[in-house]
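Chain by chain, the residues run as shown.
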Amino acid sequence: MDNRTEVREFLVSRRAKISPERAGLPAGTNRRVPGLRRAEVAALSGVSIEYYAKLERGALAGVSTSVLDAIARALQLDDAERAHLFDLARAAEGSRTLMRPRRRRTRQWTPHPSLQWTLDAVTEGPAFVRNGRMDLLAGNQLARAFYDQVYAQPPRPPNLARFTFLDPAARDFYPDWETAADIVVAILRTEAGRDPHDKDLHDLVGELSTRSAGFRTRWGAHDVRHHGTGTKTYRHHVVGELTLAYEGLEMAAEPGLTLTIYAAEPGSPSADALRLLASWAASQQQPDTVDR
């Protein structure tokens with residue numbers, strides 16, 4: 001994840017998505033590139049073609065906020081894409097170090113007792129903490145039951161990205177697997193822009209790229225997203241289909257970590273399914289009382 005390569009591929013991919021008509025320009029004839037030409041983006045951004053070509057080759061170090069804003073407007077970037085562009089620009093300031101990711105932390109993060117108490121206080125829906133690599137770091141009992149197939153992975157932090165692309169069970173768990181896979185990769189792409197030195201992220205991307213063609217294709221698209229709120233449908237192997245709303249909250253005390261809570265509409269079949277899942281989870285915790 002060399003910074004100059006990341007910048008070049010991101011800008012080229014965004015430029016290819018904007019048609020001249022969408023940018024308010026005449027389409028003309030004999031266009032040999034999808035989307036806008038470099039000269040058109042330069043004109044829309046108010047910079048010279050030479051300067052924009054330099055930026056698109058990956059030279060974002062020292063670029064002013066006003067220029068970045070102008071490029072974001074010209075390419076019609078959404079909030080997540082604009083933030084990613086600014087992350088890449090900040091990373092470019094130290095681009096010489098990016099070829100050598102930092103070492104892993106020697107001490108694994110563990111939740112503070114009060115955080116675990118807070119998670120355990122959520123009793124009607126799964127509540128969990130994840131990082132930008134999509135490792136599940138802490139959760140309440142319902143989260144562990146909801147993601148029990150993820151927690152069943154080999155001993156290392158349970159990881160939603162690895163589950164999505166490498167575990168066949170994910171195709172059943174996510175009824176709309178294609179969309180779920182798109183979201184996972186977009187979250188990882190966003191994290192790569194935010195923290196390009198993360199050795200564990202490099203290793204995860206390398207593993208998934210090697211083992212999954214679906215991941216490789218999506219990674220090459222350079223899509224990013226903010227994943228804060230919405231509704232998803234799942235198919236749990238114990239309780240069947242659930243449609244759940246989710247809220248993702250950035251943790252002020254732990255930058256880079258997200259607290260996510262799932263909830264079902266009150267009185268809905270999904271709410272009944274969550275109660276059934278809670279009963280199942282409680283039964284899994286019961287000691288074996290059969291006489292021997």
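Residues numbered from 1 in each chain as written. Predicted model: local features only at pLDDT ≥ 70, side-chain atom pairs only at ≥ 80, totals over all residues. Heavy atoms only, no water.

Asks: Looking at this structure, I do not really get unusual backbone geometry. What am I missing?
Replies: Leaving glycine aside, a negative phi is the common case for residues, and trans is the common case for peptide bonds. Of note in this structure, Q76 is not a glycine but carries a positive phi near 55°. Along the chain, Q76 turns up in the loop between α4 (65-74) and α5 (79-92). Take Q76: its relative accessible area is 31%, and that puts it in the partly exposed class. (Helix = DSSP H or I, 4+ residues; strand = E, 2+ residues; numbered from the N terminus. Buried < 20%, exposed > 50% of the residue type's maximum accessible area, 1.4 Å probe, protein only.)

Asks: Got a minute to help me understand helix α11 (residues 177-194) in this structure?
Replies: For α11, which comprises 18 residues, the first-to-last C-alpha distance of 26 Å matches the rise-based estimate of 26 Å (1.5 Å per residue) to within 8%. Of all the 18 residues making up α11, 14 are buried; the element is thus mostly covered by neighbouring parts of the structure. (Expected span 1.5 Å × (residues − 1).)

Asks: Help me out: how do you make sense of the nonpolar core in this one?
Replies: Where a protein is soluble and globular, its nonpolar side chains tend to be buried together. Membership of the largest hydrophobic core comes to 44 residues, with the highest contact counts inside it found for F146, Y147, Y174 and L188. If you list the elements that add at least two residues to this core, you get α7 (141-146), α9 (160-166), α10 (170-173), α11, α12 (199-211), α13 (213-220), β4 (240-250) and α14 (269-285). In terms of residue count, α11 provides more of this core than any other element does, nine residues in total. Among residues more than four places away in sequence, those in contact with Y147 are F128, L136, L160, F173, Y234 and Y262. In this structure, I18, V63, A74 and L77 belong to the second largest nonpolar core, which totals 25 residues. (Core = buried A, V, L, I, M, F, W, Y, C linked by side-chain atoms within 4.5 Å. Contact = heavy atoms within 4.5 Å.)

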